[in-house]
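Chains, contacts and geometry: an overview
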Amino acid sequence: MTALRLYNTLSRQTEPFAPADGRTVRMYTCGPTIYNPAHLGNFRTFLFEDLLRRTLRLAGYDVVQVMNLTDVDDKIITRAAATGQTIRQVTEPIEAIFHADRRFLRIEDAEHYPRATDYIPQMIALVQRLLDNGVAYRAEDGSVYFAIGKFPGYGKLSRLDTREIKSGARVAQDEYSKDNAQDFALWKAAKPEDEAAEAAWDAPFGRGRPGWHLECSAMAMDLLGETIDLHAGGIDLVFPHHEDEIAQSEAATGQPFARCWCHGEFLLVDGSKMAKRIGNVANVQDLRDQRIPAPAIRHFFFTTHYRKQLNLVPEGVEASIEAVRRIGTFADRLATAQGGTPALAAAAAEARTAFRAALLDDLNAPEAMAALFVFIKRANAELDAGGADAAALAAARAVFAEMDGVLDLVPSREVDAEFAASVAAQLAERKAARQARDFARADAIRDALRAQGVEIEDGPMGTSWKVL
């Protein structure tokens, strides 16, 4: 079997990957900051990580994944102050939305979803360790900062030119650009607004709250160990977030923090990165409102390699809706087929080889989907030819299940009650139009249902319908 290869941001090379113990991949993926529902740009990253997780299992490994939930930071505290709430009151409803959206998009459960506020003791211990090692200091503002000048490896992930950094200059905010890489806050001294939002904790070095970067290091090392196999996230996290994670983790332990770093590219809208501050945000609820099925979004995201930017365009989504309809039709046919041919078994074997080779080559989802559709075309031809080879049919079903187990593109046949009631009302209106011999109206209703992904069939027992 072909060995798994992944592009490592740290080395800028595609390298063979295997977990340190040869069995279980210890993977940390940066999750959402839960003050607003995650947008589709965030979910492009989460879907790339879902593909990564499933491909690791395809390669024969077990996976222990940690995805953090940031429930304390500047934006959350600002929201709490504006609404008169605590940070817990701000974040709990958003956390519920995140998990509902994640499940809608068929993103598998991680083994751990730690909330930052549940790991404050571990964060305090990490800050103390850095102070004891002489790479952190308490400043006049009462906050504790990491001295990047005392960590020689700073900048190795982002390839930052550290000669341009002003020594001793400090950055306290949670978001900053490549133009102001300076000592970053590990622990922020408590302010009145922090206290009001219940976002302050006692520590030996002063009452306060953790900096954004500190959270991930503390949780990753507590749950996965001081050196993890794989760390993944969006390309925008390379600097400063992941660079700072490396610095504080390795300065504390003297060990490599992560053996491999994987980053996914941006989702664009009209050529611009999807971002809340720009205002070009779409979220999962928008997909539900437009009745766009989850498999179509998975297909659309997988049409482009995770390390390439993807532009969100209606034409692309429409093409993906049609593609998953085709997959669903084939899944139904394969499930009800009575037998196959030797050529069907051969097509399945070739598809499996091509599919695995594509995904194990740095998660080449476009090539993997191409292998899937070649298989569908060949399998349909063999099913048209007939045949009674039960073993061939079983082989085809097994290969198709393996491919869909990674891509997860077969549309669901489940219909929610609200949608079913809407279809029933439209069919009743169509029946009344037909009885009134208003066939133009009846045809218009049929077309409207078709646009919603519903196919109807008139028969002697009445009209039946199914979701395409």
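The following refers to the structure shown.

Here is what the cut-offs are and how they apply
Residues numbered from 1 in each chain as written. Predicted model: local features only at pLDDT ≥ 70, side-chain atom pairs only at ≥ 80, totals over all residues. Heavy atoms only, no water. Pairing = 2+ DSSP bridges. Helix = DSSP H or I, 4+ residues; strand = E, 2+ residues; numbered from the N terminus. Axes fitted to C-alpha atoms, helices over the stretch in contact; angles between N-to-C directions. Contact = heavy atoms within 4.5 Å. 1 Å grid on protein atoms, 1.4 Å probe; cavity = no way out; pocket = protein on both sides within 12 Å on 5 of 7 lines; lining within 4 Å. Points joined across faces, edges and corners; volume = space filled by probe spheres on them. Nonpolar A, V, L, I, M, F, W, Y, C, P; charged D, E, K, R; others polar.

Looking at the sheet that holds strand E10 (residues 228-234)
With parallel pairing, four strands are arranged side by side in an open sheet as E4-E3-E10-E11. Looking at which strands have only one partner, the edges of the open sheet turn out to be strand E4 (62-67) and strand E11 (258-264). When the angles between neighbouring strand axes are averaged without regard to direction, this sheet yields 25°. Two elements, E10 and E11, share six bridges in a ladder whose sense is parallel. Paired with Gly234 across the strands is Gly264, a residue of E11. Across the face of the sheet, helix H1 (residues 40-58) comes into contact with strand E3 (24-29), E4, E10 and E11 while running at roughly 150° to E10. Here helix H7 (residues 238-253) sits on the sheet in contact with E10 and E11, set at roughly 160° to E10.

Overview of empty space enclosed by the protein
Under the definition given, this model contains three cavities of 30 Å³ or more. For the largest cavity, the calculated volume is near 80 Å³. Every residue along the wall of the largest cavity is listed here: Arg44, Phe48, Leu51, Phe301, Phe302, Thr304, His305, Tyr306, Leu363 and Ala365. The leading source of residues in the lining of the largest cavity is H1, at three residues. When the residues that make up the lining of the largest cavity are grouped by side-chain class, the tally is seven nonpolar, two polar and one charged. Along its surface, the second largest cavity is lined by Phe46, Glu49, Asp50, Arg53, Gln65, Met67, Arg102, Ile107, Glu108 and Tyr113. Going through the elements one at a time, H1 and E4 are the ones with two or more residues in the lining of the second largest cavity. Here the element with the most residues in the lining of the second largest cavity is H1; it accounts for four residues.

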